[in-house]
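Chain by chain, the residues run as shown.
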Amino acid sequence: MILHTIIPPEQIFPGDAPRGGECRRMHNNFIQGVNMNGVFTISRLISTDPKMYLDPRYAPGGRIAKQE
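What counts, and where the lines are drawn
- Residues numbered from 1 in each chain as written.
- Predicted model: local features only at pLDDT ≥ 70, side-chain atom pairs only at ≥ 80, totals over all residues.
- Heavy atoms only, no water.
- Helix = DSSP H or I, 4+ residues; strand = E, 2+ residues; numbered from the N terminus.
- Buried < 20%, exposed > 50% of the residue type's maximum accessible area, 1.4 Å probe, protein only.
- Contact = heavy atoms within 4.5 Å.
- Areas by Shrake-Rupley, 256 points an atom, 1.4 Å probe, with all protein chains shown as cover.
- pLDDT = per-residue confidence, 0-100.
- Salt bridge = Lys/Arg side-chain N within 4 Å of Asp/Glu carboxyl O.
- Patch = residues over 30% accessible without salt bridge, like charges linked within 9 Å, V, L, I, M, F, W, Y side chains within 5 Å.
- Core = buried A, V, L, I, M, F, W, Y, C linked by side-chain atoms within 4.5 Å.

Our next topic: the overall build of the protein chain. The helix and strand tally for the protein chain stands at two helices and four strands. Looking at the protein chain as a whole, 21% of its 68 residues qualify as buried. When contacts within the protein chain are restricted to residue pairs at least 6 apart in sequence, those whose partners lie at least 24 apart make up 20%. Surface exposure of the protein chain reaches about 5,700 Å², of which carbon and sulfur atoms provide 56%.

Moving on, we get to the confidence of the model for the protein chain. This prediction gives the protein chain a mean pLDDT of 83; 87% of its residues lie at or above 70. When pLDDT is averaged over each element of the protein chain, helix α2 (residues 50–54) comes out on top at 91 and helix α1 (residues 9–12) at the bottom at 78.

On inspection of all chains with the given rule, the structure shows two salt bridges. The salt bridge partner of Asp55 is Arg57, with a shortest N-O separation of 2.6 Å.

With that settled, the discussion passes to a nonpolar patch on the surface. Together, Met1, Leu3, Ile6, Ile7, Ile12 and Phe13 line one region of the surface with nonpolar side chains, adding up to about 680 Å² of accessible area. For Ile7, a relative accessible area of 41% puts it in the partly exposed group.

Counting residues in each nonpolar core, the largest one holds eight residues, listed as Met26, Ile31, Phe40, Ile42, Leu45, Met52, Tyr58 and Ile64. Among the elements that take part in this core, strand β3 (residues 39–46) stands out by supplying three residues, more than any other. Residues in contact with Met52, not counting those within four places in the same chain, are Met26, Asn29, Leu45, Ser47 and Tyr58.

Below, the structure written as structure tokens:
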């Protein structure tokens, strides 16, 4: 089954959504992930700019150190 929708998977399949996490604004876009021990691990990129999806810095699984 293929779903072509703008609705996030968490709303379609609520039992599969990971609990916790936060959303950060970066370069007028949003990244969603989990903050553990000062390191933010990206789980999702929310952007209307296609170039952001090609940037490996914002790929799911990427890590961002805590900014001071």
